[in-house]
Structures are given as C-alpha cells and as structure tokens.
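Each chain, letter by letter, is given below.
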Amino acid sequence: MPRHNIANLRALIDRAALTKKLEDLAGWSGYTPNTRSQVLQIFKDAHQAGWAEIKRRFESGECTGPEATHAHAYMMDQLIRVVHDFADKWVYPSANPTTGETLTVIATGGYGRGELAPFSDIDLMFLLPYKITPRTEQLVEFMLYMLWDLGLKVGHATRSVDETVRLAKQDVTIRTSLLEARWVWGDQALFDQFRAAFWKQVADGTGMAFVEEKLGERDARHDKMGDTRYVLEPNMKEGKGGLRDLQTLIWIAKYLYRVSGMTELVAQGVFTEDDLKLFEKAENFLWTVRCHLHYLSGRPEERLSFNIQAEIAERLGYRNQKGIMGVERFMKHYFLIAKDVGDITRILCAVLEEQHKKSAKRFSFPFLGFGKGSKIDGFAVDGGRLTLASEKELRDDPLKMVRLFHAAQTHDLDIHPQALRLVSQNLKLVDAKLRKNKRANRLFVDMLRGRDPVQALMRFNEAGVFGRFIPDFGKVVAQMQYDMYHVYTVDEHTIRAIGLTHGIDTGRLKKDHPVSCDTISEIQSKDALYVAVLLHDIAKGRGGNHSELGAEVALKLCPRLGLSDWETETVAWLVRYHLLMSHTAFKRDLDDPKTIQDFAAVVQSPERLRMLNILTVVDIRAVGPNVWNNWKAGLLRELFWQTKAALTGDAPEDRRAQRIEGAKLALAALLKKWPEADLQAHLDRGTDAYWLSADPETHARHAQLVRDAEAKRIDLRIETRIDPERSANEITVYTADHPGLFANIAGALALSGVSILDARISTLSNGMALDSFWVQDGTGLAIDEQGQLKRMVQRIEDALRGARSPARDLKKAQDERLPTKAQAFDIAPRVLIDNQASNTYSVIEINGGDRPGFLYDVTSVLTEEGLQIASAQISTYGERVVDVFYVKDIFGLKIRHPEKLKSIEERVLARIGPQKKKAKAQKPSAAAAE
C-alpha cells in the first residue's frame, strides 16, 4: 500500500469543507441554473488544487508513481461523492426516495483498482436495483455533466444488477472491467449484491477460459505493437513488457484466486517473496515513469518518444557516464524492467499449470498442454515441451543450462515455463567453469547456426543465460542506441542480424540478396562469419570506438568458443572494419578508381570481402524494417564486384569500360525505334560517369525527357515520378548548368517540406545539367497528391528562374516551423575535407542534424566558395544527415590551400549551426558511425 496516510490524503481535498461551501451557496440562494456556474467553479477549484498538490508531491519526490495514482483515485472518490450528495440534496431533492431510486456509484477498470494516472479516463458504473427512474436519470445526468465540465474524460454505464451480470457473461472486456469494480458511494448493500452475483453467476467455472482469453488478448496486442519489448520509442501502457502486461497478471490472479492484491499470492503459494518483490519493483518503476510522462506531456500520452526520454531520465537522476548518456541508461533500465515483466508472466504461467495439473481437468490454452512423454536428449517432455524435474537436475549437471536451449532448437520444441523458471532462478550456475567448458561453447556456436536461431537466441536471452554465458553480450542486453536510425536495442539487433545471416546461408533470402547467397558457400569458415555477426556491436556503450574495442573482445573470446587462430584473426578484423563497406558504398564515389583502390587495400583478400559483404548486409537490414532498399543493395553489389575484380587481378578499368558499353547497348535496345542519328547524338552527350549512374530504364526516361525538351526548345524541364522501391518521388531537372543550380533546387525542395534522401548530379557534354533528387514527405512516404506535386515543381521553376529566393523564404519558414522529433537530439555538426580519397577531387563530408533546408545551406556555401560539385552522396540516418560532395575549384583542381580549406570548413559550420556546448559532454550518437 502507498506511503500516504489518511491525513496526507485528506489534505488533498477536504470533503466536509467542500460540502459546507456548496451548502452555504445553495442555502443562501437555492440551486438554480444561474448558480450552476458558481457551483462548477467551486468544484473546479477543489479539483485543480488537489491535482496540483499531487503533482507537487510527486515531482518533489514526496511520493512514488503508485502513490500518486492512488492519490488521484482518492481525490476523485471524494469529488464524486460531493457531486452526488449535492445533486441528491439540493438539485433533485426527494423527501422519501423509493427503493427503486436507489443508486450506487461504482469505479471500474483501473480506477476501480484504485489507480488513476494524471490524465487517465475515469470509468464509472451507476448501479440500479431495477430499471432507471426519472429522478435517478436526472442525478446521473447531473453528475456526468458536472464531471465533463471539469474537463474530465468519463466512461460510464448505467445498469441494473441483472443487466450487468448478463453483459459480463457475454463480453470478456466488460467482465474484466467489472472484475475490479469498487464501491465509491451510494447503497453499499446493492454493490455487495452485485459482487456476489458476479462471482457466483459469472466467474464460477470460467477461470481457465478467462485466462485463455486474456493471454490471447495479450498476444494479439503484442503482435500489433511489433511483438518486441525493445522498440526504442515504446508504448509503456500497451507495449510488450508494459503496464498492460502487469495488469493482465493482476486480472488472472484476481479471477482465479479471488485475491484483492498481488501480495496475497504469496500465502496462496503462487508467488515467492522474491517474485513479489520483482512484481512490485516493475510496477513502481512503470507507474513512476508513466506519471512523469503524463505530467510532462500534459495529456494521456503513453509512448516514450525521443523528445521526452531525456527529460524523464534527468528527472529520475540518470546522469551521463563515460561512453553512455543518461538517457541511454534510463532506457536500458526500462527495457530490463520490461524483461522482468516477461519473467513474472512465465512464473505465473508455470505455477498455474502446475497447480491445475494436480486436478483432473484438461484445458487447451496457450501455456497448458498436459501429459508426459519420453525423454529427448536427456530432458523430459511434458505436453510437447522440454522440462526439468527440479533444481537438482541443474546443480548436478550445469551444462544443462545450455543443453536445454540447444535441444529445444534442434528438435523444434518449446521449453516448459517451469523449466525456464528454474533456469532463471539458478543463473549462478553459469560460472567461469561452465564458460570454459568446450562442450558448452560448441553447443553455443551450433545454436548460432542452427534452426531458427532468432527464436532460440531470443529464448536464451530472455532466460538470462545468454548474458551470463557471454558476459560481454550481457553488457549490451537492453542497451538502447539513442537515435532515430536504430529501431532495436543492441542485443535484439544482434540476434536479428544472426537470423538474417541464417536466411542468407539457407538461401531463403536469395531474392533479396543474390550476391550474398551465391558467395556464402565459398566462405571457408561459417563459424567465423556467425561469430563476427554476434560480436560486431558487442562493445557499444563502453566509450571510444566500438569497432576497435569489439575487435579486442573478439581476440579474447574467439579461442574460448573454439575458433582457430586464423578464424580469430578474421573475426577480429571483421568486427574492426564492419562499417567500412557501408561507409565506402554510401559516402564515396564508386566510379572513382581511387575509391576501389583504397577499399581493396584494407580488405586485402576475397575471403574477407565475401564475409564483410554479408556482415554489412545483415547489419543494415537488422537496424529496422524500412532501412534497406534497392539503392543501397545496388551500391553494395557494385562495390563488391569492383573490389573483387581488383583483388583477383582483373582490371577494374576493364570492368568500368564494359559497364559503360553495356549501359549504352541496353539503352539502344530500349530506344530501337529512334532514328540512328538521334540515338547517336544522345549517346555522345553522356559522360562516362553518367552512363554508370543509373539503370537502363532510367537512362531511357532521361533520353525521352532531353529529346522532348530540345524538340520544343524548352530551356527548363522538370519531371516527377513515384519510385515504389524506395517509397519516394524521383524529381528530374534538365536545364543549363550554372553555379548554384544544385543549391537552388535543394532550397525549393526544402520549401516544399520534403526530405531529400538522395541526389545524382550529371552534366552532359552539351553543357546541360541532368540532376535527379529522391524525396519523401514528412511521414517517410512518397507524395501522391497531385496538387502538392505541382506546387513543388512550381517552386523549383521559380527558384531556377529567379522568381523566388530560397534563402529568404527558408528563413521565414524556419521562424514559423514547429519543432520536429529530430530536434530532441543534440547533433554536433562536423566538416571533413579529404584530399586523399580521390585522385582528381576534394571530398567534403558534412555531418549534422536533419532539418529542412540543410542541403540548401551546405550547397549554397560551396557555391559561394566557387566550388564545382561533380557528384554528391546524400544519406540520412534517422536524425543525422551525412552529405558527401566531390568538388573542384574554379580552375578544375583540388582545393589544397590551407586558408581556403579553413574558410570552407568555418563557413559551412556557421551556416548549418554552431556546435552546442553540451554536445561536447555527450558521446556522438551511435548513428554517426553507421
């Protein structure tokens, strides 16, 4: 029970004083429609004062989250009682109310449980002995309107006892709400009559069916929310491991055991004292976070979004430490609590099954399946699930802590909840001796490569064995990455990456990843590949470069896992350079020979290239559901083939020439109806870089656009199309090339409120620019509304013809713009100028926080500095933008003069925003390395 004593609660709202104030008003002038506003104001003042006092107590630390919810419920009880009594005595008085006018006010749902979050709905039931009478209807109506006018959200029902019982039998949602019904005011005998009827006529004999329905609802809810508790903006009420899961356990306990609270389950032998402490710890944490969430949002917000996580973390005292921000520490605690909720659920399911197994009944719901079977790999089988007889079985043979999960995976069986409970209670058996056991380590590596490794490793992780067996992995369990790019925590991301590796290994993902599926069979050690995937992010959250630190972990861990010296060295290299291939593919010009030379010099061998390619693919795909696309796949494939040619002695230049010739032949085949002269003229316009920049279908569209523009003597042509593979709009601009062209297009797009995903720049031999941009709307989808597309095209045309100033309009729009989710992140801008990455160009890489107009600001500075932009790689990683430009000066040379380099860096930094002071105290976002 909360710390609040009765005196503390009464200080929130004095019912006697409030009643006297109302009676003084009514006694002086009587209650009339004219005095209603005064009555309402008295109620408002009382409610606001009590609400504000609860908030003050909570935010000052005088009470916890659960205590605040009970205080809100107490205050609402008192308010409802006064409203009822005032209506009964002064608004609709009756000297001799009949029995039929008896009215009982009942709290249902969470309010009935005595828990009311700051902005939660108030669920009431007005209980009647028979049908509603005119006076009773007036009383109910007065109460509801008064509560609504107070700004409260009230869910309500008016029913007789018989009607309530009938509806509860028919609808499990109503039954669940009534399960926690609590008398608030009115005829208490009528409430007792209802409670007796509920247990006797509704609940008796339906316990197992109720449990089945509630667990089924929970599973459906989990599926709807993504079936993972490790999403980085969790819904703490409905999400997996959230408050609704705890409440499901409360409903099951109350329905089956007729207890008033979870503490009574200890005496019933359902929970141990440790189980109860785990439950109370989770409940206290979740309610405290939810109350902060409501108070900060000023509304019934249930999603822990990025823009509020840091504020709650600060309120709860989570501070930055070396290598990990306070908000990341807070969210890690949240995910560990969510995992505890899963543990509690398994505990209750195991006890329920064990207790009901002793009866002669047979049920078929999610966690029950009785009947003994033969042993498999030394484990008993109960209802088609592997199980353990007792703790002694584990103490006598600690290897079973690993063998249990390996056997379940091998034979595609589930593990009994009781067995999982025994494992969780005996994690101390996973000690240094077991970690050194060769058999245990071999079984673990087999699990990485075995049937459905995601299910097996998730179960291994949920039980807590994974983190104990591989302590370095235990450090990243529930470790969030505080950015908008990564969707999952580090441990879930890693397990999903292993599952994707298995999909490539078995050929299941051949359609998505043909190169990886074709080359994985050539890899000499798949053990090394899978272990590299396991360890690629193992050192996140430690401070420093997680790739370098992870390589050190690999050198120590791989021999323990049974890998040879060569395999250990390979794994360490893959972990050290696991970001190199994506960095090169997405941030460098693959048609620049120096790019391939530099990449090949680091990779050194085809074997490493094959393994690095697969690791890169699964790492990107495991980031989240909408990160992978055909554009990224194409860049990685091209880098793979060019590097392979360089490593095997084939001339990359020959491959380049073949690709150029192939692109021209493919276009000619698509344009076979064109006159020969027109076709040749167009082929002569394209540069080598242009022919390597797109597929034949895109080249054909460009050819038609150019031909139509020239035929009609149009100096500016803009076309748009939806690219379904990228869920984006492709915008192609054909016009005379001139300084500032790229910047003006980028500015016009920014004014249209779109996000620029990518850009391709081409200047044809006739001096005309053929630039393409890929954009999405604010929701991350292509724009399909024709009016919006026309306005966007008009803005581009106005900007290029000088009818619009992007700089002026963007400044005005920025002043009026509402805050975005990305602004919750403090991104320190950075400018890197590299004269070694290309033989002919200076490469400028610019990092910063994503916002409308970012690309325009950058490119306008480059134009003002007199630079020619030859190509650009535009990448967005959640809230972070990484734009790379290949540039030359006005003389067509690299930028080498130190003063010029300094000027470019300083002016770009000044334009995209000065670095915030507090950014120096924080480690860079995890997406920076990605």
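Above: the structure in question.
Residues numbered from 1 in each chain as written. Predicted model: local features only at pLDDT ≥ 70, side-chain atom pairs only at ≥ 80, totals over all residues. Heavy atoms only, no water.

Participant: Before we go on, may I ask you to explain the overall build of the protein chain in this structure?
Facilitator: When helices and strands are counted, the protein chain shows 42 helices and 16 strands. Principal-axis analysis of the C-alpha atoms gives the protein chain an extent of 105 × 75 × 55 Å. In the protein chain, which comprises 930 residues, the share counted as buried stands at 56%. Long-range pairs, those at least 24 residues apart, make up 72% of the contacts in the protein chain between residues at least 6 apart in sequence. Surface exposure of the protein chain reaches about 39400 Å², of which carbon and sulfur atoms provide 50%. (Helix = DSSP H or I, 4+ residues; strand = E, 2+ residues; numbered from the N terminus. Buried < 20%, exposed > 50% of the residue type's maximum accessible area, 1.4 Å probe, protein only. Contact = heavy atoms within 4.5 Å. Areas by Shrake-Rupley, 256 points an atom, 1.4 Å probe, with all protein chains shown as cover.)

Participant: Would you explain the nonpolar core in this entry?
Facilitator: As a rule of thumb, soluble globular proteins bury nonpolar side chains together. Counting residues in each nonpolar core, the largest one holds 149 residues, and the members touching the most others are F405, V423, F444, L535 and V571. With 13 residues, helix α15 (residues 326-357) is the largest single contributor of residues to this core. Residue contacts for V571: discarding those within four places in its chain leaves A528, V531, A532, L535, A554, C558 and L563. (Core = buried A, V, L, I, M, F, W, Y, C linked by side-chain atoms within 4.5 Å.)

Participant: Please clarify how the packing of aromatic side chains should be interpreted in this entry.
Facilitator: What characterises a pair of aromatic rings is the spacing of the ring centres plus the angle enclosed by the ring planes. As enumerated under the stated definition, the model contains 27 aromatic pairs in all. Taken together through their ring pairs, the aromatic side chains of F191, F194, F198, W199, F210 and Y255 make up a single cluster. The ring of Y111 carries the charged tip of R182 above its face, separated from the ring centre by 5.2 Å. The positively charged end of R576 is found above the aromatic ring belonging to Y577, 4.7 Å away from the centroid. (Phe/Tyr/Trp six-rings, centres within 6.5 Å; stacked < 30°, edge-to-face > 60°. Lys NZ or Arg CZ within 6 Å of the ring centre and 35° of its normal.)

Participant: Before we go on, may I ask you to explain the packing of helix α37 (residues 741-751) against helix α40 (residues 854-864) in this structure?
Facilitator: Helix packing for two helices is described by the angle between their axes and how far apart those axes are. Following both chains from N to C, one finds α37 and α40 inclined at 160 degrees, their axes separated by 8 Å at the closest point. On the basis of their axis angle, the class for α37 and α40 is roughly antiparallel. Crossing geometry of α37 relative to α40 is assigned as left-handed. Between α37, through F742, A743, A746 and G747, and α40, the contact on the second element is made entirely by L855, Y856, T859, S860 and T863. Tallied by class, the residues present in the contact of α37 with α40 amount to five nonpolar, four polar and no charged. (Axes fitted to C-alpha atoms, helices over the stretch in contact; angles between N-to-C directions. Parallel < 35°, antiparallel > 145°, perpendicular 65-115°, else oblique. Left-handed = near helix turned anticlockwise from the far one by under 90°. Nonpolar A, V, L, I, M, F, W, Y, C, P; charged D, E, K, R; others polar.)

Participant: What is the right way to read the sheet that holds strand β4 (residues 182-186) from this model?
Facilitator: Sheet strands associate in pairs through backbone hydrogen bonding, adopting either a parallel or an antiparallel arrangement. Taken together, four strands build an open sheet; the order of strands is β3-β2-β1-β4 and the sheet is mixed. Each edge of the open sheet carries a strand with a single partner, namely β3 (154-160) and β4. Across the sheet, the mean angle separating the axes of adjacent strands is 25 degrees when strand polarity is ignored. In this structure, strand β1 (residues 104-107) lies alongside strand β2 (residues 122-128), joined through four bridges in antiparallel fashion. Counterpart to T104 in the pairing with β2 is L127. Each of β2 and β3 is contacted by helix α7 (residues 161-170), which is oriented at about 115 degrees to β3, the strand it contacts most. (Pairing = 2+ DSSP bridges.)

Participant: For this particular structure, what's the right way to read the packing of helix α4 (residues 65-91) against helix α13 (residues 273-297)?
Facilitator: The geometry of α4 relative to α13 is characterised by a closest axis approach of 7 Å and an angle of 65 degrees between their N-to-C directions. Facing α4, whose interface residues are G65, P66, A68, T69 and H72, α13 presents E283, N284, W287, T288, C291 and Y295. Taken together, the residues that form the contact of α4 with α13 break down as five nonpolar, five polar and one charged.

Participant: Can you help me understand unusual backbone geometry in this one?
Facilitator: Trans is the prevailing form of peptide bonds, just as negative phi is the prevailing case for residues other than glycine. Positive phi outside glycine occurs at D412, with the angle close to 55 degrees. Note on placement: D412 falls in the loop between α17 (400-410) and β8 (414-415). Even without a glycine there, the phi angle at Q604 is positive, about 75 degrees. Tracing the backbone shows Q604 in the loop between α30 (593-603) and α31 (606-621). By relative accessible area, Q604 is classed as exposed at 58%.

Participant: How should the sheet that holds strand β11 (residues 755-760) be read in this particular structure?
Facilitator: The strand order across the open sheet built from four strands is β9-β10-β12-β11, with neighbouring strands paired in antiparallel fashion. Among the strands making up the open sheet, the edge pair consists of β9 (716-723) and β11. Direction aside, neighbouring strands of the sheet carry axes that sit 20 degrees apart on average. Both β9 and strand β10 (residues 728-736) contribute to a ladder of eight bridges, which runs antiparallel. Note on β10: the bridge partner recorded for L716 is T735.

Participant: Can you walk me through the pattern of salt bridges in this structure?
Facilitator: Opposite charge on two side chains makes pairing possible when the charged atoms of those side chains draw close. In this structure the tally under the stated criterion is 62 salt bridges. The salt bridge partner of D77 is R182, with a shortest N-O separation of 2.8 Å. Of this pair, D77 sits in helix α4 while R182 sits in strand β4, placing them 105 residues apart in sequence. Of the charged contacts, one joins D340 and K281 as a salt bridge, the two residues approaching to 3.2 Å between their closest N and O atoms. Remark: K281 occurs in helix α13 and D340 occurs in helix α15; sequence separation between them is 59 residues. For D340, a relative accessible area of 12% gives the class buried. With relative accessibility at 43%, the residue K281 sits in the partly exposed group. (Salt bridge = Lys/Arg side-chain N within 4 Å of Asp/Glu carboxyl O.)

Participant: Help me understand helix α41 (residues 898-912), please; the structure alone is not making it clear to me.
Facilitator: Residues separated by three or four positions in an α-helix point in the same direction, a consequence of the helix having 3.6 residues per turn. With 15 residues, α41 should reach 21 Å at 1.5 Å per residue; the first-to-last C-alpha distance of 21 Å fits that figure. Burial in α41 covers these residues: L901, I904, V908 and I912. End-on, the buried residues of α41 take up no more than an arc of 60 degrees, which puts them together on one face. In α41, the exposed positions angled more than 90 degrees off the buried face are occupied by P898, E899 and A910. The elements touched by buried residues of α41 are β13 (830-834), β14 (842-849) and α40. (Expected span 1.5 Å × (residues − 1). Arc of directions from axis to C-beta.)

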